[in-house]
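# Breakdown of the fold
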Amino acid sequence: SKPSYKWRRVLLKVSGEALAGDQTQNIDPKVTMAIARDVAFVTRLGIEVAVVVGGGNIFRGSSWTGSSGLDRSSADYIGMLATVMNAIFLQATMESIGIPTRVQTAFRMSEVAEPYIRRRAVRHLEKGRVVIFAAGTGNPFFTTDTAAALRCAEINAEVVLKATNVDGVYDDDPRRNPNASLLDTLTYQDVTSRDLSVMDMTAITLCQENNIPVVVFNLFEPGNISKAIMGEKVGTLIGG
Ligand code: UDP
């Protein structure tokens, strides 16, 4: 019989910033390859993996609002398109090492990727394919963290695994306070009341309302993605 792992189906959130690595380019292929290798490893164990990609390495809507007369919605659509670029890059990398992967976009770009269809996404996962959700929620004024929480709830994934460039959630900003300590576990309440910058409020409350645990962990620690997906203790666990 198959060994059992803590999670059967996970939602991995990869921010755009993480994809940039330490490169001056928008995307560091070493990072996408490291993600692909870890995901390949766990899918072969039978764990189903869905991914939501951010776009902040290319374009973040909120930081453009006001400049050049750009309204928020237009800026956010550009941001959503940026996530599609990352998704296609990640898909190509995964397929280059033999992981069957589908990209589904929140708004139609049917020459490029499938449109988001919940039942089809679930079917892909059941067949062992990785599904990358792109274009966020498809709506301006939202974030890809909210898209991660939303898709996680929709496809009945058990956890949001948020890959970042820090080890987890600290009780203070570790860049300013050298005595800041890494927190093992947190409640949703802690995150919202102490205004810890884990996810935006929309994303964290969506997780809370649907009892979706969130693990925040460092993507740049080798092997961490597969550890997080297999349910080993990494970073900070938010729940309860
Ligand atoms: N975005 C949006 N709606 C969504 C998700 C994303 O409008 O549902 C836009 C928004 O402008 C955002 C950009 O896409 O700044 C990139 O996404 P995000 O900032 O969440 O990426 P990350 O921080 O994960 O790199």
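Residues numbered from 1 in each chain as written. Predicted model: local features only at pLDDT ≥ 70, side-chain atom pairs only at ≥ 80, totals over all residues.

Per an unreviewed UniProt entry, the protein goes by UMP kinase and derives from Nyssa sinensis. Per UniProt, the protein has the following entry under Sequence similarities (unreviewed entry): "Belongs to the UMP kinase family." (UniProt positions renumbered as here; feature names shortened; annotations may be inferred.)

## A word on the site of the ligand
Neighbouring residues of the ligand: 25 residues in total, closest Gly54, Gly56, Gly61, Gly79 and Gly136. Elements that contribute at least two residues to the shell around the ligand include exactly α1 (16-20), α3 (72-96) and α5 (144-154). Here the shell around the ligand takes six residues from α3, the largest share from any one element. Residues that form the shell around the ligand fall into these classes: six nonpolar, 15 polar and four charged. (Near = placed C-beta within 6 Å. Helix = DSSP H or I, 4+ residues; strand = E, 2+ residues; numbered from the N terminus. Nonpolar A, V, L, I, M, F, W, Y, C, P; charged D, E, K, R; others polar.)

## Re the environment of threonine 83
By the secondary structure assignment, threonine 83 is in helix α3. Counting along the chain gives 25 residues from threonine 83 to isoleucine 58, while the straight-line C-alpha distance between them is 8.2 Å. If sequence neighbours within four positions are ignored, threonine 83 has contacts with Val53, Gly54, Gly55, Ala134, Ala135, Gly136 and Thr144. (Contact = placed C-beta atoms within 7 Å.)

## Some thoughts on the environment of leucine 81
Tracing the sequence through the fold places leucine 81 in helix α3. For the pair leucine 81 and valine 191, spaced 110 residues apart in sequence, the C-alpha to C-alpha distance is 29 Å.

## Let's talk about the UniProt feature "domain: Aspartate/glutamate/uridylate kinase" (unreviewed entry) in the protein
In the numbering used here, UniProt assigns the feature "domain: Aspartate/glutamate/uridylate kinase" (unreviewed entry) to residues 9-218. Taken end to end, residues 9-218 is 39% helix and 18% strand, and its first and last C-alpha atoms sit 20 Å apart.

## Focus on the sheet that holds strand β3 (residues 101-105)
Reading across the sheet, the nine strands line up as β4-β3-β5-β2-β1-β6-β8-β9-β7 and stay open at both edges, with mixed pairing between neighbours. On the outer flanks of this sheet lie β4 (114-115) and β7 (185-186), each paired with one strand and no other. Against the sheet, helix α2 (residues 29-44) contacts β1 (9-14), β2 (48-53) and β5 (130-134), and its axis sits at roughly 155° relative to β2. (Pairing = 2+ DSSP bridges. Axes fitted to C-alpha atoms, helices over the stretch in contact; angles between N-to-C directions.)

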